[in-house]
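Below are the chains, spelled out letter by letter.
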Amino acid sequence: MITDVDKKSAGIGTRRAAGAAEVQATAEPSRRNLESRDKPAQRIALQPVGKLFSPTGSLVWMLGLLGGAACIAPCIARGWFLFGLIVTTVALLASYDALALWLAREECAPVLLPPGKGLRGREGQTIQVPLALTGSGRRRLRREVRVAIMPATPESEIAIRAKSDPQRLKLEQPEPAAGGSTSASTAHIHLWPWSPEIALLRRGLWPGPRVGIERRSRLGIWRLWQWFDSPEQLRIEADLRSGRREILRSPVYRTLVASRQTPWTGHGRDFERLREYQAGDTYSEIAWKSTARRGAPVTRLFQWEQKQEVYFVVDQSRASAIALDPATAIGSDVPQARTPRRLLDLAVETALVGATVALELGDEFGLVTYADEPKSWLRAGSGQSQFHQFRDRLLNIEPLPTTADYEALFGEIRVRLRRRAYLLLLADLTERSVTDSLRRGVGLVRSSHALLMTSILPAHARPAFSPGEELRTDQDVYAALAGEKENQRLGALARQLRQLDVQLRYIPAEMFLRKAVEGYLESKREQRL
């Protein structure tokens, strides 16, 4: 029989059990939080690629002193015996010092502490590489090591440059916890952070920088060099800040994109509705079949297309490898120096800035690269994912040692691209060897696409006796006349293509990006499609 006292004790026991369960439930999340907080950050171990074991200058001095002692030994009683003892002692110390350094070669290794997006940056930027040295703590390491960072391959020397000089890193041992002892099985991993700086010079996907470590033995007789490569690749993207600033200054961009209020010219291609004929309608706007059925003139109305396709056609033939004048390079206000800019780098930057403008307008944008034939294709699309694919395709593009074939290029475009689109060609069209191929290729697509070609204007192709030009010698006069002749030839080619409804403009390097993107914006405003 259960009494009231038993019921009370049972109730108290139940409440205590519930309270204990609640305390345990609240303790579990806090313990998990502590574990997650104490969990070390992700570390990527660098791969060893080489070692070099060599003596220091101390050993040279010791051998020199032993040589001097050998000269004095014959003059001292039992000198050779003493000399032998000294040599034996020095040899044992040197051997012990070398063996201790060699056995401890794995005790200290560099690791990479990458941020969430990995090693990446843009051209002209200086970034810090988050590195650290790790030690198991089982042996007492030498208090200082010398560390340095460098390009991993000869090819990557044009892409990165170390800004930090080799420096000495102190490996200070942490103090043991008060009242606690650490066993050998639970030895802590010590971490000594180090963040060297590197300058990013050229766009592309490159091997991560190489880390070199120089360690000296305890007695300073030997030193060990070790080199480590990072498995994480370094991504250097094109710098679009200067190009975007150029476009923001453009009045065409401000009226068409920024304000979204612009007087559209012409008429669109999307059918909207039919209405009765009004005075002023042209014959091309009359719907003749509807007029015949109704017995009265009827006019077709169209609406402007807000979503169109634009393809950036980038040349990567041998002509794209020409170096531009550093004084005309866009972004000269960036304090970090770049490698000499090529026409291909300017075309890539122009295409990327043009893609951001198309993204703002809501157009679909794609990519075609070519040399002696089309090399890569990216179908037109929209959205941020399309822009990421577009940027990735242009990341590692490099000039090829072949001549551009425009007949093959436009023939392939005619077959692949069925829908009418803007084709923005970014290339050097000043060579005489490509003129005939260009004329034949343009004839294949001029009726199916709106072709906009922007070419670099060479410095020598300028009108003769232009303002600010000083002619002092006969050679200067001949050079001015040759430039006038070349300018007339390029102007004649542009006029011939204009008759085929194809725009070809020769633009100086300092205005290439802005004029190329403005040509696309003006064509869209005029509804050339």
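Up top is the structure.
Residues numbered from 1 in each chain as written. Predicted model: local features only at pLDDT ≥ 70, side-chain atom pairs only at ≥ 80, totals over all residues. Heavy atoms only, no water.

Engineer: Please explain the overall build of the chain as it appears in this structure.
Structural biologist: For the chain, the helix and strand inventory stands at 12 helices and 23 strands. For the chain, the proportion of its 529 residues judged to be buried stands at 42%. Relative to all contacts within the chain whose residues are 6 or more apart in sequence, the contacts with residues 24 or more apart total 78%. On the chain, roughly 29400 Å² of surface is accessible, and the fraction owed to carbon and sulfur atoms is 54%. (Helix = DSSP H or I, 4+ residues; strand = E, 2+ residues; numbered from the N terminus. Buried < 20%, exposed > 50% of the residue type's maximum accessible area, 1.4 Å probe, protein only. Contact = heavy atoms within 4.5 Å. Areas by Shrake-Rupley, 256 points an atom, 1.4 Å probe, with all protein chains shown as cover.)

Engineer: Could you clarify how one ought to interpret the nonpolar core in this entry?
Structural biologist: Side chains of a nonpolar character, in soluble globular proteins, are inclined to be buried together. Judged by nonpolar contacts, the single largest core of 45 residues is most densely connected at Phe312, Val357, Phe390, Tyr520 and Leu521. Mapped onto this core, the elements with two or more residues apiece are helix H5 (251-258), strand E18 (309-315), helix H7 (343-361), strand E19 (364-370), helix H8 (384-393), strand E21 (422-427), strand E22 (450-456) and helix H12 (512-525). The greatest single-element share of this core, amounting to 12 residues, is contributed by H7. With residues up to four places along the chain from it excluded, the contact list for Phe390 reads Phe312, Ala351, Leu352, Ala355, Phe365, Gly366, Leu367 and Leu378. In terms of nonpolar packing, the next biggest core, distinct from the first, is built from 31 residues, Trp377, Leu429, Leu490 and Leu504 among them. (Core = buried A, V, L, I, M, F, W, Y, C linked by side-chain atoms within 4.5 Å.)

Engineer: Would you take a moment to explain the sheet that holds strand E3 (residues 108-112) for this structure?
Structural biologist: Strand order in the open sheet formed by 4 strands is E1-E3-E6-E10, with antiparallel pairing between adjacent strands. Either end of the sheet is taken by a strand with one partner, and the two such strands are strand E1 (44-45) and strand E10 (190-194). Examined bridge by bridge, E3 and strand E6 (residues 131-135) share 5 bridges and lie antiparallel to one another. Paired with Val111 across the bridge in E6 is Ala132. (Pairing = 2+ DSSP bridges.)

Engineer: How should I be thinking about the pattern of salt bridges in this particular structure?
Structural biologist: Where charged atoms from two side chains of opposite charge come close, those side chains can pair. Inspection of every chain in the model, using the stated rule, returns 29 salt bridges. With its nearest N and O atoms 3.8 Å apart, the salt bridge here joins Arg122 to Asp239. Pair noted here: Arg122 is in strand E4 (residues 120-122) and Asp239 is in the loop between strand E15 (234-237) and helix H4 (241-248), with a separation of 117 residues, a long-range link. A relative accessible area of 27% means that Arg122 is categorised as partly exposed. The residue Arg146 makes a salt bridge to Glu214 at a minimum N-O spacing of 3.5 Å. Residue Arg146 is found in strand E7 (residues 144-150), and its partner Glu214 is found in strand E13 (residues 210-216); the two are separated by 68 residues along the sequence. On the accessibility criterion, Arg146 (35% relative accessible area) is partly exposed. Given a relative accessible area of 9%, Glu214 falls into the buried group. Within the structure, one salt-bridge network assembled from shared partners comprises Arg120, Arg235, Glu237, Arg391 and Asp392. (Salt bridge = Lys/Arg side-chain N within 4 Å of Asp/Glu carboxyl O.)

Engineer: Hey, could you run me through the sheet that holds E18 in this one?
Structural biologist: By way of backbone hydrogen bonds, the strands of a sheet pair with one another, either parallel or antiparallel. The strand order across the open sheet formed by 6 strands is E20-E19-E18-E21-E22-E23, and the pairing between neighbours is mixed. Strand pairing shows two members of the sheet lacking a second neighbour, strand E20 (374-381) and strand E23 (503-507), which therefore form its edges. Within this sheet the neighbouring strands show an average axis-to-axis angle of 15°, counted without direction. For E21 and E22, the ladder comprises 6 bridges, and the chain directions are parallel. Looking across to E22, one finds that Ala427 is bridged to Ser455. (Axes fitted to C-alpha atoms, helices over the stretch in contact; angles between N-to-C directions.)

Engineer: What's the story with the packing of aromatic side chains in this structure? I'm lost.
Structural biologist: The geometry of an aromatic ring pair comes down to the distance between the two centres and the angle between the two planes. This structure, assessed with the given rule, holds 8 aromatic pairs. Considering the side-chain rings of Phe365 and Phe390, the 5.7 Å spacing of their centres and the 80° angle between planes classify their relative orientation as edge-to-face. Here Phe390 lies in helix H8 and Phe365 lies in strand E19, a separation of 25 residues in the sequence. With relative accessibility at 0%, the residue Phe390 sits in the buried group. Connected via pairs of aromatic rings, a cluster forms that spans Phe53, Trp102 and Trp222. (Phe/Tyr/Trp six-rings, centres within 6.5 Å; stacked < 30°, edge-to-face > 60°.)

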